[in-house]
Amino acid sequence: YYGEGKINTMDLSGQVPDWKNGFSSFSQQPFSKVLEELALQFPVTFNMDSIQTDRLFTGKFTHNNLENALKTTMEPMGIKYLISADKRIVTLSE
């Protein structure tokens, strides 16, 4: 920023994208984007009847555990989830 005729700079070269650190993070993103990212990271399909996917989500999930990822994304949104026995289908309900 500019202040008193000086330019302050920040070195961002040491910053690594979240996905390289094994998690995805979101800031005020539509919940549909979160579901898309979950489906990219885990081999799952979502069944959802009346879930409002335009609601905004802020948070993150790790890529190493489906159950933890669902818990950290669904619970804050008030969404219940059920994972099929073969862990390929996740049914969502409010």
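Read on for a plain summary of the structure. Because the structure is a prediction, the values reported are computed rather than measured. (Residues numbered from 1 in each chain as written. Predicted model: local features only at pLDDT ≥ 70, side-chain atom pairs only at ≥ 80, totals over all residues. Heavy atoms only, no water.)

Two aromatic rings, taken as a pair, are described by how far apart their centres are and by the angle between their planes. For the coordinates displayed, the defined rule picks out three aromatic pairs. With 6.1 Å between their ring centres and 65° between their planes, Phe 26 and Phe 57 make a pair best called edge-to-face. Residue Phe 26 is found in strand β3 (residues 23–30), and its partner Phe 57 is found in strand β5 (residues 56–62); the two are separated by 31 residues along the sequence. Among the aromatic residues, those joined into a cluster by ring pairs are Phe 26, Phe 31, Phe 57 and Phe 61. It is Lys 60 that lies over the ring of Phe 23; its NZ or CZ is 4.8 Å from the centre. (Phe/Tyr/Trp six-rings, centres within 6.5 Å; stacked < 30°, edge-to-face > 60°. Helix = DSSP H or I, 4+ residues; strand = E, 2+ residues; numbered from the N terminus. Lys NZ or Arg CZ within 6 Å of the ring centre and 35° of its normal.)

Let us look at the side chain of Ser 24. Position of Ser 24 relative to the elements: it lies in strand β3. Under the relative-accessibility criterion, Ser 24 is labelled buried at 5%. A distance of 2.9 Å separates the side chain of Ser 24 from the side chain of Glu 37, its partner in a polar contact. When neighbours within four sequence positions are excluded, Ser 24 is seen to be in contact with Glu 37, Gln 41, Gly 59, Lys 60, Phe 61 and His 63. (Buried < 20%, exposed > 50% of the residue type's maximum accessible area, 1.4 Å probe, protein only. Polar contact = N/O pair within 3.5 Å; in protein donor to acceptor, adjacent residues only side chain to side chain. Contact = heavy atoms within 4.5 Å.)

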